[in-house]
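Next come the chains, spelled out residue by residue.
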Amino acid sequence: MPGRSRGKGLLFIVLILGLIFGASYLAGRWGVFGGEGTILSRDKVAVVSIQGVLASSRETIRQIKEVRDKKDVKALVLRIDSPGGTVVAAQEIYAEIRKLRKNKVVLASMGNVAASGGYYVACAASEIVANPGTITGSIGVISEYPNVEQLMKKVGLRAEVLKSGRFKDMGNPTRQMTEEERRLLQNLIDNIHKQFIRDVARGRGKTVEEIEPLADGRVFTGEQAKENGLVDRLGDFEDAIDRAAELAGIEGKPEILYPEEKRKKIWEYLVQTLAETVGSAFRSGLELADPIHFHPEGLSVLGRR
């Protein structure tokens, strides 16, 4: 009996120690305690980074939704360093930011480049902060279709195309584009350009007529963009954090929260690689283009590579 009681006592002690250890680990893991009290109860500014070519909106939107669901996060700073990307990726991120603005302060902080699709995304924020030397603007759309017809003739190759409609192989690199096809594609590009201008005007609180003269694809420095009303203020990332905290009513130095990036499984990497390879080979998509940077094939809101 005494041995059994002693065993129960030891088990109880081990259980208590285990609970204390587990609580300590979680407190450290989540950063529960900081120099100014309980961090979980403190208001925070979250940061979501948008880096490189905007080929997909999925991960960025996941992080934005994660921020939206945290009650202690009062503001979001989007750190943008991107020459642009596909039209749909930019539009989906833009729309998600507009939704978030209903409940939280959202600022865009521009790094080296936030042009074309990168600028598109920034316009959804409450305010835009750019460095004086940031390259931004490039409100335009580009489409490029290579023509290898003469090369194929030189090497003795000829393509046979079977199609169900006369426009089904528009942009076929093995033949010259017809005038009718060129008009159709130009109308497509012009329509997307109008969407771009409309969303920039909406985000910046301006009219379409005010944005149109600046929407010819040219790029600006951050300093020039401020003079033209395309950004709100000049400053670096820390200035953007401080401004976001100010607008959100956070007193003192704000706690910064970086959403965790989702770790991809090996099969996800394989599927993504395959999709990118196939897309690169067969796509003629839309690009929102910054002419001093690169862009993939087709129509997009990106820069030249």
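Residues numbered from 1 in each chain as written. Predicted model: local features only at pLDDT ≥ 70, side-chain atom pairs only at ≥ 80, totals over all residues. Heavy atoms only, no water.

(A) Focus on the overall build of the protein. Along its length, the protein carries 10 helices and 10 strands. The 305 residues of the protein split such that 40% are buried. Nonlocal contacts in the protein, meaning residues at least 24 apart in sequence, comprise 69% of its contacts between residues at least 6 apart. Accessible surface for the protein amounts to roughly 17,700 Å². Of this, 55% is attributable to carbon and sulfur atoms. (Helix = DSSP H or I, 4+ residues; strand = E, 2+ residues; numbered from the N terminus. Buried < 20%, exposed > 50% of the residue type's maximum accessible area, 1.4 Å probe, protein only. Contact = heavy atoms within 4.5 Å. Areas by Shrake-Rupley, 256 points an atom, 1.4 Å probe, with all protein chains shown as cover.)

(B) Geometry of the pairing of strand β4 (residues 73–82). Among the 10 residues of β4, seven are classified as buried, and the element is accordingly described as predominantly covered. Here strand β3 (residues 44–51) pairs with β4 via eight bridges, running parallel. The residue bridging serine 49 from the neighbouring strand is arginine 79, located in β4. Assessed by its sense of winding, the connection that carries the chain from β3 through helix α2 (residues 58–68) to β4 is right-handed. Direction of pairing for β4 relative to strand β5 (residues 105–115): parallel, over a ladder of seven bridges. Residue pairing across strands places arginine 79 opposite serine 109, the latter belonging to β5. (Pairing = 2+ DSSP bridges. Right-handed = clockwise from strand over helix to strand, strands pointing away.)

(C) Molecular detail of the side chain of threonine 136. Relative to the assigned elements, threonine 136 resides in strand β7 (residues 135–137). Among the polar contacts made by the side chain of threonine 136, one reaches the main-chain carbonyl oxygen of alanine 114 at a distance of 2.7 Å. Dropping the residues within four chain positions of it, threonine 136 is found in contact with Met110, Ala114, Ala115, Tyr119, Arg218, Val219, Phe220, Thr221 and Ala225. (Polar contact = N/O pair within 3.5 Å; in protein donor to acceptor, adjacent residues only side chain to side chain.)

(D) Molecular detail of the pattern of salt bridges. Evaluated as defined, the whole model comprises 20 salt bridges. Ionic pairing is found between arginine 175 and aspartate 169, a salt bridge with its closest N-O pair at 3.0 Å. Its relative accessible area of 22% is what places arginine 175 among the partly exposed residues. The exposure class assigned to aspartate 169 is buried, which follows from its relative accessible area of 12%. Measuring nitrogen to oxygen at the nearest pair gives 3.1 Å for the salt bridge that ties glutamate 246 to arginine 243. Of this pair, glutamate 246 and arginine 243 both sit in helix α9 (residues 237–248), three residues apart, roughly one helical turn. For glutamate 246, a relative accessible area of 54% corresponds to the exposed category. (Salt bridge = Lys/Arg side-chain N within 4 Å of Asp/Glu carboxyl O.)

These figures come from the coordinates and say nothing about function on their own.
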